[in-house]
Structures are given as structure tokens and as C-alpha cells.
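Fold and contact review
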Amino acid sequence: MNIKFLTFIRKLKRKITLFLFNLRRRDNLRIGIFRGTPYEMGFSHGKIFKKQIKYTYNKHNKFYKFKNLNKHKISKLVNFIENKFPEFIEEMKGIADGSDMNKEDIIFLNLFPVINSIISRSKCTSVGFISNDKGPILGQNVDLGLEWRYYFIKKISPKNGYRSISGSWFGTIWQTVGMNEYGLCIGGSSVNVKKSHYDEIEDIILSNTVPLHFLSSLILSQCKNVEEAISLLNKYRFTLPFVAGESALLLDIEGKLAVIEKGGGQQTIKKAPLLYTTNIYIDSKMEKIMDIDSSESIKEITINAKERYRTLNNLFRDIPKQRYSLDLMKTILSNHNPKGAICRHYGIGNEIGNTTFSYIMVSQQRKFLVADGYPCCTKFKEIFLK
Ligand SMILES: [Zn+2]
């Protein structure tokens, strides 16, 4: 086949995917505003998004039958959370009551990434720098794929915690990417950890582990800046026996930035005025525990994550600091490099890894921008936290 024809087919495929993607998500972005005690916030969440929570739960439950998996470990983990963070369980109870579901089902939904490996197959990119027009900004592409449509924007005013705005999933207490009232922002990318490594620490891990997706909620509700977030992260592990590690990107109003590579009971911290994460560890100590090739899909993720990292290295090598701006962040999140594209349109039939949402957080203005779709062709909506 000639190259022109192949290029035409590739372009056509992209156009069809984009059309279907936009059709499915048209006016689909939901914003939930909750306030009060954990139970009250959960109850409002459950009541407002009853339909979406049931849909999300049924989809996961049917697909993964996770209730049958690791019951003993899950109940140990639930006991730990109940003792250490009763407010999380209270919020989940509120979600269950508000949506007329069982508390156990909501807990299982919240622990879904702990049990299932879907997160380890995602391809997210996070970028932070100090712009000349808006100060410190953090941009994030969430690349879970076209089928993973359970996101909504959560704006909360907790009774005993800081106000925040974040991306979350229906029925969960998660705040996977977000910013709080002090302008502290968190994003990041998951990283696969070698199975041999996390098996080794399985026995001790349940003693001080917060599920990955709960930890960012904890940071946003309790920390004012990057240093406080690092202190909190130092206290807990967040890798679990059944899921990947993380490379978290933190940024605050003062222009402090840090990447915390965490997994397998270890962590490293890197601070710099420009930082980014794809789905790999960069630190040599952390690289050793990274799973790069245990399956075909892990191999593909590793290659792609390295390519995206290289794309960012190349882009930033050529861009002078004076040009760092909000527009530049949008351009980077929309990048379509032939190898290692940051805005991902690929994988028809195997949608995991397509860009689902894109966020930009402007710390000093407490402005949260969200593109409900590919950032290259979706208008960013602005939501203020102030
Ligand atoms: Zn794009």
C-alpha cells in the first residue's frame, strides 16, 4: 500500500474517533458542589449523581467482578482506613445513603484502582512551570481512554479541611488532580512497579498505607504548600500490593515545584522550577523497581512514556523561559509529536490511553481550567475556586 493511502486512512480513523468521542461527551461535563461534614458532602454527592454512580458501579462490578478478589486483603485495608481515616468511611457512607446503595458497594468502588490494574495501563502527562503571565501553573492530561467516562469536577468546602476543586469519579472520595484554597496543586502519572517488589512488602504495607487515590484528597484538605504536602507524603506509603506506583507533581503559589516518585515502599523527591511526569520513574534508585516489560502492554506503556518524556525534553530545550505562559501550557498539552504525542488520539479498539480530560490549574488565581476531551480541539472551561 502506498504511504499516501495509509496516511489518509490514519487521518480518517482519527476523525471518526474524534467525532464519536465528542458525540458521546457533548454537554456531559458535570460539576458537583458539596459542603459540610464528610457525611454531608457524601450524601449530596450520592443524591445528585445517583444515576451516574449506579452506572459507574455496575460497569466496574460487571466487568471486573472485583468483589471476589482479595477479600481478605481488602477487609484488612478497610479496617485500617476505618481506624486511621474515619472521615473517608463517613463520606463513603454518605455517598451510599444519598444514592441508595450499600456502603460496601461504595467502598469497593472507591478501592477499585487498588484491586484492578486499569490505572497501571493509563498514560497521563503532568507538566508544571512558572509562567510569565500567570505565575505557577500545572497542566495535566488524563489519558484513561474513551471508555472511562466517570469523571466529574468536584468543588468542595469541607467542615474540617481546606476548600478545593478537582477531578473525581462518580461515587468516590477521590480527588485525583486538583487545587486547594491555598493554591496548592497536585497532578501526576501512575508508574508500574515490579511485582516481585511489591509482593515482598505485602505484609507490612497495610500498616501505613493510604490508597493512592485517597492520598491526593488528604493533601488537598490538609496541606497549604509543597513542603507540607511532602511531609504528609513522607508519612505514608501509597503503593498497594495490587496496583502501580506514582510520580506525583506538586506545585504551590510561591512557585515551589516537586516531583515525588513513590512506589514499592520507596520514594525520591526532585525539586526544580520546571518539572514533568509521564508514566516512568526518572530517579535511578526508583528506576530499579519499575516494571518495564512484564507484559506486552507494560512494554508498550514504557516505550510510550519514554517517548512522551523525550518529547517534553525536546520541547523545553528549545523554548526560552521568557515564553512560559498559559498559552504555552495549552500548546504542550495539545502536542501531536509523531512519536510520544502528549495529546493522545490513538488506540481504536483499545481505547485505554486516549486523552480523556485535560486540566490546567493557575495557582495564584485559583483558576481551574478543564477541557472535557482532547485539549487540541476542546475549549477549556474556567472555574474559579475563590
Ligand atoms: Zn489532540
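Report on the accompanying structure. (Residues numbered from 1 in each chain as written. Predicted model: local features only at pLDDT ≥ 70, side-chain atom pairs only at ≥ 80, totals over all residues.)

Here six strands make up an open sheet; going across it, the order is 11-2-3-12-13-14 and the pairing antiparallel. Lying at the two open borders of the sheet, with one neighbouring strand each, are strand 11 (274–277) and strand 14 (381–384). Strand-to-strand twist across the sheet, computed as the mean angle between neighbouring axes with direction ignored, equals 15°. Relative to strand 12 (residues 357–362), strand 3 (residues 135–142) runs antiparallel, the two being bridged by six bridges. Note that in strand 12 the partner of Val142 across the bridge is Phe357. Across the sheet, helix 14 (residues 326–333) lies against strand 2 (125–131), strand 3 and strand 12, angled at about 20° from strand 3, the strand it touches most. (Pairing = 2+ DSSP bridges. Helix = DSSP H or I, 4+ residues; strand = E, 2+ residues; numbered from the N terminus. Axes fitted to C-alpha atoms, helices over the stretch in contact; angles between N-to-C directions. Contact = placed C-beta atoms within 7 Å.)

Another aspect to go through is the sheet that holds strand 5 (residues 164–169). If you trace the eight strands from one edge of the open sheet to the other, you get 1-4-5-6-7-8-9-10, paired in mixed fashion. Of all the strands in the sheet, just strand 1 (31–36) and strand 10 (266–271) have a single pairing partner and so form its edges. Averaged over all pairs of adjacent strands, the angle between their axes in this sheet comes to 20°, without regard to strand direction. Relative to strand 5, strand 4 (residues 151–158) is paired through six bridges, and the arrangement is antiparallel.

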